[in-house]
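Structural overview for review
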Amino acid sequence: MRRLVVGNWKMNGLSAPAAELARAVAAGAGDGPPDLVLCPPFTQIAAVAAILAGSTVAVGGQDCHPEPAGPHTGDISAPMLRDVGARYVILGHSERRAAHAENDGLVRMKAIAAARAGLIPIVCVGETEAERDEGRAEPVVASQVAGSLPEDFAGILAYEPVWAIGSGRTPKAGEIAGMHALIRARLVQAFGAGGKEMPILYGGSVKGANAASIMEIPEVGGGLIGGASLVAAEFLAIAAAARSFPGT
Ligand code: PEP
């Protein structure tokens, strides 16, 4: 399987610059099986999906509500994302866990809702700096994996150490390899053969310049990219680095 590179635009993207960025990524993405995903803010999903139609770049949401519809002011459901062209949805990003008090149980319910709507969930896990300093990174991540994934999960994991997001700091290659190996072991334990195939993305300060050294780490199945996904040339450089390795 080719490595997957997912851009998380977060709360960035008015209509004109979002369209320009999507067009630039589509133009540079080339041919082949779809291995790139852009996750714009909700307001831009339909427009970006229209621009990316027929390209190797898919569209995703950044969150969804666990219910398909109902009295939830301001929320967006998984069927709504699917309806406007999304194929993926990021769930349990650390910014949502921190700013919206999302816990593993809620992330799990959202993953169920996403799959029911035909979306591929990308479930994020990762330790804070304090948890790492206290030597608790591995149990924290193991517990997030156990608590955030439904029994019939068939999506994607993203390991994103919270302290590496937007900081310009990345873990050492051995630390990423160790955490990805731990996640893989938990996935195999929980899902058997299916757990062997689930991509595990790395996220946290991935740029064009360091992408190759991250993509070559064992069990890294691609990247979840924040800041660098807002610059087409950077995102495409990361995609090129990902494509230079054989599938995991
Ligand atoms: C993220 O927020 O998922 C992320 C990885 O951000 P950045 O690439 O900016 O560190």
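The preceding data block contains the structure.
Summary of the structure given here. (Residues numbered from 1 in each chain as written. Predicted model: local features only at pLDDT ≥ 70, side-chain atom pairs only at ≥ 80, totals over all residues. Heavy atoms only, no water.)

Let's shift gears to the sheet that holds strand E5 (residues 120-125). The eight strands are arranged E1-E2-E3-E4-E5-E6-E7-E8 in a closed barrel whose pairing can be described as parallel. Across the sheet, the axes of successive neighbouring strands diverge by a mean angle of 25 degrees, strand direction being ignored. Across four bridges, the pairing between strand E4 (residues 88-91) and E5 is parallel. Across the sheet, residue Ile 90 finds its bridge partner in E5, namely Ile 122. Across the sheet, helix H8 (residues 173-191) touches E5, strand E6 (156-159) and strand E7 (200-203), and the angle it forms with E7 is around 150 degrees. (Pairing = 2+ DSSP bridges. Helix = DSSP H or I, 4+ residues; strand = E, 2+ residues; numbered from the N terminus. Axes fitted to C-alpha atoms, helices over the stretch in contact; angles between N-to-C directions. Contact = heavy atoms within 4.5 Å.)

Empty space within the largest pocket amounts to approximately 390 Å³. What lines the largest pocket is a set of 13 residues, and nearest its centre among them are Lys 10, Met 11, Gln 62, Arg 96 and His 100. At three residues, helix H4 (residues 94-99) tops the list of elements feeding residues into the lining of the largest pocket. By residue class, the composition of the lining of the largest pocket is five nonpolar, four polar and four charged. Lining the second largest pocket are 15 residues, and of these Gly 166, Ser 205, Ile 225, Gly 226 and Gly 227 sit closest to its centre. Among the residues forming the lining of the second largest pocket, the class breakdown is five nonpolar, seven polar and three charged. (1 Å grid on protein atoms, 1.4 Å probe; cavity = no way out; pocket = protein on both sides within 12 Å on 5 of 7 lines; lining within 4 Å. Points joined across faces, edges and corners; volume = space filled by probe spheres on them. Nonpolar A, V, L, I, M, F, W, Y, C, P; charged D, E, K, R; others polar.)

Looking now at the pattern of salt bridges. Within this structure, the stated rule accounts for 13 salt bridges. The shortest N-O distance in the salt bridge between Glu 127 and Arg 132 comes to 2.7 Å. The exposure class assigned to Arg 132 is partly exposed, which follows from its relative accessible area of 22%. Ionic contacts of the salt-bridge type, sharing partners, join the residues Asp 63, Arg 96, Glu 102 and Lys 110 into one network. (Salt bridge = Lys/Arg side-chain N within 4 Å of Asp/Glu carboxyl O. Buried < 20%, exposed > 50% of the residue type's maximum accessible area, 1.4 Å probe, protein only.)

Around the ligand, a shell composed of 14 residues is seen, among which Lys 10, His 93, Glu 160, Gly 166 and Ser 205 lie nearest. Residue Glu 160 places a side-chain N or O atom 2.7 Å away from an oxygen atom belonging to the ligand. Here an oxygen atom of the ligand and a backbone polar atom of Ser 205 are 2.7 Å apart. With respect to the detected pockets, the ligand is housed in the second largest pocket. For the shell around the ligand, the residue count by class is four nonpolar, eight polar and two charged. (Near = heavy atom within 4 Å. Polar contact = N/O pair within 3.5 Å; in protein donor to acceptor, adjacent residues only side chain to side chain. Sits in = over half its atoms within 2 Å of the grid points.)

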